[in-house]
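# An overview of the molecular structure
One letter stands for each residue in the lines below.
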Amino acid sequence: MSDTAYSYKLFNRSDFNAFWALFTDNLVNLLILSGVCQFVFQMPAEIVFGRIVPGAAVAILAGVAVYTLMAKWVANKQGQDVTALPYGISTPVMFVYLFGVIGPIYWATGDSLLAWQVGIGAGFMGGIVAAFGAIIGPFLKRITPRAGMLGTLCGIALVFIGSVPLATVFEHPLIGFTSLLFILWGLIGRFRLPGNVPAGLVAIGVGTVIAIFLGQSSFNTDGIGFYPPVPYFGDMIAGIQYLFANPELFLVLIPVQIYNFIETMNNVESAEAAGDSYPVAVCQVTDGAGTMIGALFGSPFPTTVYIGHPAYKRMGANSGYIIVVALVVGAAAFFGFLSFLAGLIPIAAAAPVLVFVAVSLITNTGYAVKPAHMAAVAFAILPHISGFLMTKWGSLMNALRSSGVEGLPALGDADLTAALLMEGAHYEGHLALSQGAIITGLIWGAIVADVIDGRFKQAGGFAIAAAVMSSIGIIHSYTLQMPQIDGITFGYLIIGAFMLIYPKIAPKEDLEHRIIVPDEPDFVDDDTPARDVRA
């Protein structure tokens, strides 16, 4: 290294491109949660834009402050520039809180205020659970193959962050294709635009201009005002009391927060694969604390390290992009600009940025794992496809009911399940895979990677752990339950027992020499002995 002292710069020009990508992600989440709360749960604008949105902004500001300092510390430690971890509201967990916590309270009571109070109470308690992930997070990171952690993120990226926004592009092709053009040119192809203008800015700007000419954009200033962040301690305590009076809500809360701290762990691993090593335990505590702060100031929705660090790393961003996103989100929340932006920027103009984030994460995973482990990555993606199918089947049934169709059976009805099976739609299997999909994907990715590497004891350990989680409802079940042995749990036990026992009695030559599978690329060295044979 040079004798010249290294100094990390928070801002560089590449932060502008990264800003638009991360800002779009946060903006879309805020638009979705505010729209659902206001129009589905009938929360008044005073709660949505006066409490929830400012509370979310406080959480984002607090988390970004920590992650900026963390990036500076890591950069000075490594002696080279790093990209700060992106941060915001967890998209999958946001939907669970909307329709698994807030929605049921509103639908049962018709009281939108109570639904919000329970939401922030659940957010605070969930933040505590997420922070406890710091105790076991480093251990999980150490024993879990990278293919398992990154593969399950690829599943989320593929079906929710990539395919859904791409569908929006095709629903509004004049806007979406034009925006997508600049993403392809500037962010995926990495060619410069005139004046080196950020491609993300051009994509959103051009899409918005086209929307204005097509009459698909509006200027509505009614919601602009001053909404200062205020702590709602009394309301939060009321929500927590309701939770303890109705403990079945914890059956939704605890599993999803386990998911949330694993998501943080996976995303930190994704950053390490891209070259930036952050302390996973500190990140999990930060995310839990940010969620609790947000809850105190009125936001029920958990915050987390975002998927997509490799994309921002590829853009060459430092820390400036998360700082500016936090400031802009804070200004939009505290001065009521969110409702104005919701009318001005069409979703189709911002969607291509999310498609890029998804594509970049999947591409980076291909570079970050060894070729033989791509089988594990592919396996880890599959449960998320089931999760996507279940979400869309539920949406279809809700749409049919909303359109006035009467007498519809509920999803899970025995006759409907049998009819779906006759049509080749395996409802029960997809339902099981969808419940706890991120953990299921991680476990199966780890099992496959460990088998490929001959780490049979580790593979067996993951299978046994999956059996335990399945038996108590963390995966393959809608709620937590008393331990029970069903077919899925027993299946995991069979796999675990085989992996732990058979390698000890198998012929030695069978474990030291691989077989050749016809018509398959030979990524595995068949002369490499298994690592823990009879260990």
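This is a predicted model, so every value here is computed, not measured. (Residues numbered from 1 in each chain as written. Predicted model: local features only at pLDDT ≥ 70, side-chain atom pairs only at ≥ 80, totals over all residues. Heavy atoms only, no water.)

### Here we look at the overall build of the protein
Counting its secondary structure elements, the protein contains 21 helices and two strands. The globule rule puts the C-alpha radius of gyration for 535 residues at 24 Å, and the 24 Å found for the protein is close to it. Along the longest, intermediate and shortest principal axes, the C-alpha atoms of the protein span 75 × 70 × 45 Å. When each of the 535 residues of the protein is scored for burial, the buried share is 53%. For the protein, the accessible area works out to roughly 23000 Å², and carbon and sulfur atoms hold 68% of it. Between the mean site of the 22 positive side-chain charges and the mean site of the 33 negative ones, the protein shows a separation of 12 Å. (Helix = DSSP H or I, 4+ residues; strand = E, 2+ residues; numbered from the N terminus. Rg over C-alpha atoms; globule rule 2.2 N^0.38 Å. Buried < 20%, exposed > 50% of the residue type's maximum accessible area, 1.4 Å probe, protein only. Areas by Shrake-Rupley, 256 points an atom, 1.4 Å probe, with all protein chains shown as cover. Lys, Arg positive; Asp, Glu negative; His and termini not counted. Charge placed at Lys NZ, Arg CZ, Asp CG, Glu CD.)

### Points about the packing of helix H7 (residues 199-213) against helix H14 (residues 347-368)
One way to put it is that H7 packs onto H14 with a least axis distance of 8 Å and a crossing angle of 160°. Taken together, H7 and H14 sit at an angle that is classed as roughly antiparallel. With respect to the hand of their crossing, H7 and H14 are arranged in right-handed fashion. Across from Ala 203, Ile 204, Gly 207 and Thr 208 in H7, the residues of H14 making contact are Ala 349, Ala 350 and Val 353. Residue classes in the contact of H7 with H14 are distributed as five nonpolar, two polar and no charged. (Axes fitted to C-alpha atoms, helices over the stretch in contact; angles between N-to-C directions. Parallel < 35°, antiparallel > 145°, perpendicular 65-115°, else oblique. Left-handed = near helix turned anticlockwise from the far one by under 90°. Contact = heavy atoms within 4.5 Å. Nonpolar A, V, L, I, M, F, W, Y, C, P; charged D, E, K, R; others polar.)

### Here's the deal with a nonpolar patch on the surface
Residues Phe 498, Leu 500, Ile 501, Tyr 502 and Ile 505 make up a contiguous nonpolar surface patch of about 490 Å² in total accessible area. You can see Ile 505 is positioned in helix H20 (residues 487-505). The exposure class assigned to Ile 505 is exposed, which follows from its relative accessible area of 63%. (Patch = residues over 30% accessible without salt bridge, like charges linked within 9 Å, V, L, I, M, F, W, Y side chains within 5 Å. Salt bridge = Lys/Arg side-chain N within 4 Å of Asp/Glu carboxyl O.)

### Looking at the state of the cysteines
Two cysteines, two sulfur atoms, one covalent bond between them: this is a disulfide. In this structure the tally under the stated criterion is zero disulfides. With no disulfide of its own, Cys 154 lies 19 Å from the sulfur of Cys 283, the closest cysteine sulfur. (Disulfide = S-S within 2.5 Å.)

### As for the side chain of Thr 264
Position of Thr 264 among the secondary structure elements: in helix H9 (residues 250-273). The contact partners of Thr 264, leaving out residues within four places of it in the chain, are Cys 283, Gln 284, Asp 287, Thr 304 and Val 305.

### A few points about H7
Compared with the 21 Å implied by 1.5 Å per residue over 15 residues, the 21 Å span of H7 between its first and last C-alpha is a close match. Among all positions in H7, only Ala 199, Gly 200, Val 202, Ala 203, Ile 204, Gly 207, Thr 208 and Ala 211 are buried. Against the buried residues of H7 lie helix H1 (14-39), helix H6 (173-188), helix H13 (337-344) and H14. Phi turns positive, to about 75°, at Gly 215, one or two residues after H7. (Expected span 1.5 Å × (residues − 1).)

### What to know about unusual backbone geometry
The backbone of Gln 42 shows a phi angle near 55°, a positive value even though the residue is not glycine. Along the chain, Gln 42 turns up in the loop between H1 and helix H2 (45-78). The backbone of Arg 190 sits at a positive phi, close to 65°, despite the residue not being glycine. Looking at the element boundaries, Arg 190 is found in the loop between H6 and H7.

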